Amino acid sequence: MTMKLPEFLESRRIPLPGNLPGSRLIVNREQWLQYAAALRDSGAQLLTLWGADDRDRDAHFRVFAAYLLPQGMVVLEHAMTAPIYPSLAELFPAAQRMQRALYDLLGIAAEAVADEEADTRGWLRHGGWPQTFFPLRRDADANRQHPNISAPYPFVTVEGSGVHEIAVGPVHAGTIEPGHFRFSVVGEKVLRLEAQLGYTHKGVAKLFETQPQSSGHRLAARLSGDTAVAFSWAYCAALESLAGTVCPARAASLRALALEHERLANHLGDLGALGNDAGFAFGLTHFSRLKEDLLRINSIAFGGRYLLDYVIPGGVVADLPVHAPALLLHLYSELETSVTNLRSIYDEHAGLQDRFRTTGRLEPSLAESLGALGIVARASGIARDLRVDHPWPPYDRVVAKCMVQSSGDVAARVQVRFDETFESLRLCRAFLQDLPAGPMHAPVPDAAPDQLGLGVIESWRGPVLIALETGPDGFIRRCHAHDPSWQNWPLIEYAVIGDIVPDFPLINKSFNLSYSGQDG
Amino acid sequence: MWNTLSRMWRTGLLTEPLPVLERALEASSPEFDSLQADLLAVLGRALCIRHVDAGSCNGCELEIQALHNPYYNLEGAGIQFVASPRHADLLLVTGPVSVNMEEALRRTYDAMPGPKLVIAVGDCGACGGIFGTSYASRGGVANILPVNITISGCPPTPTAILRGILQTVRPAVTEI
C-alpha cells in the first residue's frame, strides 16, 4: 500500500533515530490536534503517548505522541508551560487510558475537546500515594513510601430490571496476573465489562531515570517477562541508534531467532491454555509439553529458559554453542509435526470448535477504529505486522508473511496463532541456515545527552516501543515503554458483550494481554 | 477421536524418568528423582497452594505454570493449586509487592486458615529485585507478610520452585 505523506510531515520533519524510519515534529497546541487529525486521515495509528517534566532544563512540560504510519513512525512533540494539553481521545479512543496514566505520573492533564467527557479517575494511582504527588516530576522523591489510602473505584453502572454486578479480582483463581473486572450481567449474559488495571504498577519509568544507559535493557526485559526479548531489543535498538552503533549481522540474526523463540513459546502456551479453557485438557497437556521442550532447548542454545538477559546493547550475550544448530533444527521438525497433528485434532473437535467459533467477536471495523494491535488486530482482518511492513535487520533478509483471519472471534485468534507458529518455525530455519559470521556484539559508547531515539519491535503480542531520551554522563533522562496491551485491553470489553460470563476466561485467554506491561 | 487417542498412545507417559535432555543438561537430575520421592513422603498427596501475583513481571508465573506440564507432574507429587485462599495451606507470592497490590495480598493471607506457610518466589519476591522499594513498590514479600522461605532466581526454574516448596513444608510437617 503506498500512501502519500501528509504535506506538513514532508516540510517540517526532523529525522528520528531508531530501527524503523522515523520523523519528529515540534508542534504547538493547535497543531497537536490538527496534525493528529490529519495523521488519522492518512491511516496512522496512535501507538503511544508519554510526557516529560523538563522544567529543570527549559521551564517546560512536554507531551509526545507516537504514530505508526505505513511510511514509518511519526512523533509529535508539544511543549507547554502550564501542564495541560488537548485530549486526543476523540480522534484516537486508545488515548484515553494513556492520558489518565500520564496524569497520574506527571500531573499533566488532558483537556477535554468538543463534547468529549473527561475521565479523571486515577488509572495507575489507586490511593497508594497522595493525589498531589507526581512521581515522574523531577522534584518528586520517588523513594519515599506513602501510606495506602484506598477508596472505591467508581465503575460505570448499568441499571435495569434484573441487572446485577459480578466483581472479579484483583486476585484471580488461576496462576495469572492481577486486575479487576466488573461485569454487569443479566442472568449469564454480559451487558458490560469494565476493567480496572494498574495493580502491578512498579514505577518502572521512574526507575529508568536512575539507570546508566548500559543497563537499561535489564529493566526493559522485566517490564513484561513473557515479552522480554522484544522489550530488551527495543531498548537496545533505541540506544544503538543514538550511540551510532550497528548491531553485527550475526548478533542481529541471533536476536531474531530469540524473538521467534519467544513467539513460539507464547503461542504454544496459549494454544494449550485455550484448549483447556474450552474444556479440552488434552490440548494443555500436549502443548505445554511442547513448550517445555522448547524452553529446555532455549537453555542449551541461549543460556536460559526465558531470555531475559540475552539481548544486550550492541548485540547478544553469547554465540550458539556448536551443537545447538542441530538440536534446534531437530526441535523445529518435531514441533512442526506435532503442531500439525494437534491442529487437525483441534479443527476436527466439534465441542472445541463450538466454544471457539463466534465467541468473543471483535468486528474488523471496530478493531480498526479502536486501534487494535498485533495478533488481536490480525484476527480481525487487519494485516499489520512490523516484520512485514517495516522489516528492520535481519527481517529484511527474510520475507515474513502476515497471518490474517477475518472472523475476529476466539477461533480466529486460535488460527492466527497456529499460522504464526508455522511461519515462525520457517523464519527460525531461515535465520539459522543463513547465519552470518562475525562478532557477538559491538561496543556501545555513551550517547550524547538530550537526544530522543525509538526502538519498535513486533513482539509475539504486537508492537512494543521504547522511547529513550538520554541524559548526561551516560545516564537515562527519560524512558517510556509501551506494550500493545494498552490498545487491546479496552477491546476485550467490546468482545465480551452479549457472550456469557463463563466464556470470559476463554475470551481473555484468546487476547492474552499483559497486566505488568500495561501497568509499568 | 481416533487421532486424539492415537496421539495419547504415541506420546506415552512423559513424567519420570526425566527426559534424556534434562539429564544431560542439569547436573541435579538424580536429585530431581529423589526430590519427587521426598515430596511424596512428606506431603502424602495433600498440599494446597494459593498463588498471588503481588506485582510480578509475569516471568515467575510462566515457571509456576510450567510446573503443571507433564514433565514435572505437580499433582502427581501431591501438590494442588487452589482457587481460594480458604482452601490453601501455603501462599506462593511472586513479584515485589506493589503498593497497589498490598491490600489484596494482606487480605488473601488473612483469608487462609492456620497453620499457614508463605513462600516468596523470585528475586523480586525475595528482596524487591530490580524494582526495589519506591513510591510504587514495597519491595520483598517479607516487608508485608511473615515469609518461611524465599526462592531466588529471575525467574527460578520449576525444579527450584519444587525444591523450595519441599524445604518449606518439611520442618512444618515435623512440627505438626
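Residues numbered from 1 in each chain as written. Chains lettered and ligands numbered in written order. Predicted model: local features only at pLDDT ≥ 70, side-chain atom pairs only at ≥ 80, totals over all residues.

Peer 1: A description of the domain arrangement of chain A should follow, citing residues and the corresponding values.
Peer 2: Residue and element names in this part refer to chain A. Examined at the domain level, chain A breaks down into domain 1 (7–111) and domain 2 (204–519). With 25 residues of domain 1 in contact, the opposing surface of domain 2 contributes 24 residues. Listing elements by their share of the side of domain 1 that touches domain 2, those giving two or more residues are strand E2 (22–27), strand E3 (45–54), strand E4 (60–69), strand E5 (72–80) and helix H4 (95–106). When residues in the side of domain 1 that touches domain 2 are grouped by element, the largest group, six residues, is from E3. Broken down by class, the residue content of the side of domain 1 that touches domain 2 amounts to 17 nonpolar, six polar and two charged. (Domains from an automatic or database assignment. Contact = placed C-beta atoms within 7 Å. Helix = DSSP H or I, 4+ residues; strand = E, 2+ residues; numbered from the N terminus. Nonpolar A, V, L, I, M, F, W, Y, C, P; charged D, E, K, R; others polar.)

Peer 1: Quick rundown of helix H8 (residues 249–277) of chain A? Include the residues and the values.
Peer 2: Residues and elements named next belong to chain A. Helix length check: H8 (29 residues) gives 42 Å between terminal C-alpha atoms against 42 Å at 1.5 Å per residue, within 8%. Most of H8 sits out of view: 28 of its 29 residues are buried. Looking one or two residues past H8, Gly279 carries a phi angle of roughly 85°, positive in sign. (Expected span 1.5 Å × (residues − 1). Buried ≥ 20, exposed ≤ 12 C-beta atoms within 10 Å, placed from the backbone.)

Peer 1: Pulling in residues and values, what's your account of the packing of H8(A) against helix H15 (residues 410–433) of chain A?
Peer 2: Residue and element names in this part refer to chain A. At a minimum axis distance of 9 Å, the contact between H8 and H15 shows a crossing angle of 155°. By the angle between their directions, the pair H8 and H15 is classed as roughly antiparallel. As for how H8 packs across H15, the hand of that crossing is left-handed. Note on element contacts: H15 touches H8 through Val414, Arg417, Phe418, Glu420, Thr421, Ser424, Leu427, Cys428, Phe431 and Leu432, opposite Ser253, Ala256, Leu257, Glu260, Arg263, Leu264, His267, Leu268, Asp270, Leu271 and Leu274. Split by residue class, the contact of H8 with H15 holds 12 nonpolar, four polar and five charged. (Axes fitted to C-alpha atoms, helices over the stretch in contact; angles between N-to-C directions. Parallel < 35°, antiparallel > 145°, perpendicular 65-115°, else oblique. Left-handed = near helix turned anticlockwise from the far one by under 90°.)

Peer 1: Could you give an account of helix H5 (residues 102–111) of chain B, with specific residues and numbers?
Peer 2: The set of residues buried in H5(B) consists of Glu102(B), Ala104(B), Leu105(B), Thr108(B) and Tyr109(B). Looking at the buried positions of H5(B), the neighbouring elements they touch are strand E1 (47–53) and strand E3 (90–94) of chain B.

Peer 1: How would you sum up the interface of chain A and chain B? Please name residues and give values.
Peer 2: On the side of chain B, 47 residues touch chain A, which itself brings 51 residues to the contact. Those elements giving two or more residues to the side of chain A that touches chain B turn out to be helix H5 (204–208), helix H6 (216–221), helix H9 (281–301) and helix H10 (324–348) of chain A. The element contributing the most residues to the side of chain A that touches chain B is H9(A), with nine residues. Of the residues contributing to the side of chain A that touches chain B, the split by class is 17 nonpolar, 22 polar and 12 charged.

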